[in-house]
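# Summary of the model geometry
In case you want the letters, here they are:
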Amino acid sequence: MGLELYLDLLSASCRAVYIFARKNSIPFDFQFVDLLKGHHHSREYIEINPLRKLPSLRDGKFILSESVAILFYLCRKYSAPSHWYPPDLHMRARVDEFMAWQHTAIQLPMNKILWLKLLIPMITGDEVPAEKTEQMLAEVKSNLKLFEEKFLQDKMFITGDNISLADLVALVEMMQPMAGNHNVFLSSAKLAEWRMRVELAIGSSLFCEAHDRLVKLAEWDCSTLDPIVKERIGNLLQKFK
Amino acid sequence: MGLELYLDLLSQPCRAVYIFAKKNRIPFELRTVDLREGQHLSDAFAQVNPLQKVPVLKDGDFVLTESVAILLYLARKYKVPDHWYPQDPQACARVDEYLAWQHTALRRNCLRALWHKVMLPVFLGELVSPETLAATLAELDMALQVLEGKFLQDKAFLTGPHISLADLVAITELMHPVGAGCQVFKGRPKLAAWRQRVEAAVGEALFQEAHEVILKAKDSQPADPTLKQKMLPKVLAMIQ
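In the annotation of an unreviewed UniProt entry, the entry for chain B reads glutathione transferase, and the organism field reads Capra hircus. Taken directly from UniProt, the Catalytic activity (unreviewed entry) text for chain B runs: "RX + glutathione = an S-substituted glutathione + a halide anion + H(+)". As recorded by UniProt, the Subunit (unreviewed entry) comment attached to chain B reads in full: "Homodimer."

Per an unreviewed UniProt entry, chain A carries the name Glutathione S-transferase theta-4 and comes from Capra hircus. UniProt, in the comment section headed Catalytic activity (unreviewed entry), describes chain A in these words: "RX + glutathione = an S-substituted glutathione + a halide anion + H(+)". Recorded in UniProt for chain A, the comment headed Subunit (unreviewed entry) runs: "Homodimer."

Written out as structure tokens, the structure is:
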């Protein structure tokens, strides 16, 4: 049994891992764990990851969760080109800094936009109070400003002239609100230009393929949602209220 | 100018950085940023870190934030013993896994426990409802279950037989609710035994020195109204 990656490309963390593995021609079995069908709560998947989260990696007996950890592991094991995680102490530290910061500054808020603008109304039939959405969008705007001023600055990519893991993770996360018809790149030419560079560096066809399921999310017939999963989502929704 | 570390030991990530630097005899200038005086909000500190947070590392012109990044930078630059961040890819991955997980899990719960139980009422004069506090402590309890059940299991340390960055980050996080008077180790003999091992590996004197401030958190002087006004929205955003 070779390398297995447990993924649903609806998740930004999964897209980062998928794109990285494909881009670096790392051979793996794509184990689809359908979030929309609640398969992350299945007995089979709970054995892989009792926290029921994606992505997970299985390499023989070795099982690993957390996309940042998985990306570093793949980088090292498959000796990816050094620009992905530069050996230079300062450049590497900048990648580490972004990877730490993004959990709460980018990933969480970007996902929240998707919930507030698409998933909550779609699944519960309730609109989210405009004030909550406005507050969320303001927070995202201010974090994107920080991203530009602190991480990107006037460089082509976060570490300088080449794409790294930081750009990959940043971009897939910023794509998340697209499924809710919210395009964060419209507000900044700098951000839009950086996005184009990252997409080109990855390869447009791979990038589009990785985002296909996300951009079609609005077409999902959520009446097929498992009632147990719907209940769990209800609990999750409390976090956003 | 040598290495500078901008810290307030009230902060969990600052404690991890402080202990790591001291334990590994990394020479640095300590620049105290008194959070309860609002020094992190000053113009002077904004020059160092526009994000207005601690810890910050300054190595010549190189400025670095985020405790995990700082710990990794120090580990590499000062070539600390391998067990802190092992060369072995799978052992290393285990440390990365914990360091990634904790941001939105244990770290967040420990922070909320401290603020809901002690700092909001005592320092900022803000009432916290019993329901809110109960919910926060319940979430903390769940995170502790994951810490024990998924990460520690039957090992001596979180990621194997030796102390690593994961243990250091975890223990400094747990001292936050301890400082708030929560009995996180009560009824958790495995976790309590792990704590003893971590303290011994770090060195008790250093461990106690680093935790003097947090253990007196409930004696915080109330913030004056101007400072409270400045800090409250930022605190609420930080602990959401």
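## Considerations on the overall build of chain B
Along chain B, the regular secondary structure elements total ten helices and four strands. Going from N to C terminus, chain B has its helices and strands arranged as β-α-β-α-β-β-α-α-α-α-α-α-α-α. When the backbone C-alpha atoms are referred to their principal axes, chain B occupies close to 50 × 50 × 30 Å. Taken across its 240 residues, chain B has 55% of its residues classed as buried. Here chain B displays about 10,400 Å² of accessible surface, and carbon together with sulfur accounts for 53% of that area.

## Focus on unusual backbone geometry
Residue Pro55(A) is reached from Leu54(A) by a cis peptide bond, and omega for that bond is -5 degrees. Tracing the backbone through its elements, the reader meets Pro55(A) in the loop between helix H2 (43-48) and strand S3 (56-59). The amide bond that connects Val54(B) to the next residue, Pro55(B), takes the cis arrangement and shows omega of 0 degrees. Mapping Pro55(B) onto the fold places it in the loop between helix H2 (43-48) and strand S3 (56-59). With a phi angle near 65 degrees, Asn181(A) is a residue other than glycine that sits in the positive phi range.

## So, helix H4 (residues 89-102) of chain B
Look at H4(B): 20 Å from first C-alpha to last across 14 residues, which is about the 20 Å you get at 1.5 Å a residue. Within H4(B), ten of the 14 residues are buried, leaving the element largely enclosed by the surrounding structure.

## Notes on the pairing of strand S1 (residues 3-7) of chain B
All names here are of chain B. When you tally the buried positions in S1, you get five out of five residues, the bulk of the element. What you see with S1 is no split at all: Leu3, Leu5 and Leu7 on one side and Glu4 and Tyr6 on the other are buried throughout. Sheet analysis places S1 next to S3, joined by four bridges and oriented antiparallel. What sits directly across from Glu4, in S3, is Lys58.

## Focus on the packing of aromatic side chains
Under the criterion given, the structure shown has 19 aromatic pairs over all chains. Relative to Phe147(A), the ring of Phe98(A) lies with its centre 5.8 Å away and its plane at 65 degrees, an arrangement referred to as edge-to-face. With Phe98(A) in helix H4 (residues 89-124) and Phe147(A) in helix H5 (residues 130-152), this pair connects stretches of sequence that are 49 residues apart. With respect to class, Phe98(A) is no different from Phe147(A); both count as buried. Among the aromatic residues, ring-to-ring pairing joins Phe98(A), Trp101(A), Phe147(A), Phe151(A) and Trp194(A) into one connected group. Sitting over the ring of Phe151(A), Lys150(A) keeps its end group 5.4 Å from the ring centre. One Lys or Arg, Lys150(B), reaches over the ring of Phe151(B) and ends 5.4 Å from the middle of that ring.

## Overview of the confidence of the model for chain B
Per-residue pLDDT for chain B averages 97, and the proportion of residues at 70 or more is 100%. Among the scores for the predicted complex, ipTM is 0.96 and pTM is 0.96.

## A look at the nonpolar core
Counting residues in each nonpolar core, the largest one holds 91 residues, and the members touching the most others are Phe20(A), Phe98(A), Phe147(A), Leu165(A), Met174(A) and Trp194(A). Among the elements that line this core, the one with the most residues is H4(A), at 15 residues.

## With respect to the UniProt feature "domain: GST N-terminal" (unreviewed entry) in chain A
In this numbering, the UniProt entry assigns the feature "domain: GST N-terminal" (unreviewed entry) to residues 1-82 of chain A. With 35% helix and 21% strand, the stretch residues 1-82 of chain A has end C-alpha atoms that lie 28 Å from each other.

Conventions used here
Residues numbered from 1 in each chain as written. Chains lettered and ligands numbered in written order. Predicted model: local features only at pLDDT ≥ 70, side-chain atom pairs only at ≥ 80, totals over all residues. Heavy atoms only, no water. UniProt positions renumbered as here; feature names shortened; annotations may be inferred. Helix = DSSP H or I, 4+ residues; strand = E, 2+ residues; numbered from the N terminus. Buried < 20%, exposed > 50% of the residue type's maximum accessible area, 1.4 Å probe, protein only. Areas by Shrake-Rupley, 256 points an atom, 1.4 Å probe, with all protein chains shown as cover. Expected span 1.5 Å × (residues − 1). Pairing = 2+ DSSP bridges. Phe/Tyr/Trp six-rings, centres within 6.5 Å; stacked < 30°, edge-to-face > 60°. Lys NZ or Arg CZ within 6 Å of the ring centre and 35° of its normal. pLDDT = per-residue confidence, 0-100. Core = buried A, V, L, I, M, F, W, Y, C linked by side-chain atoms within 4.5 Å.

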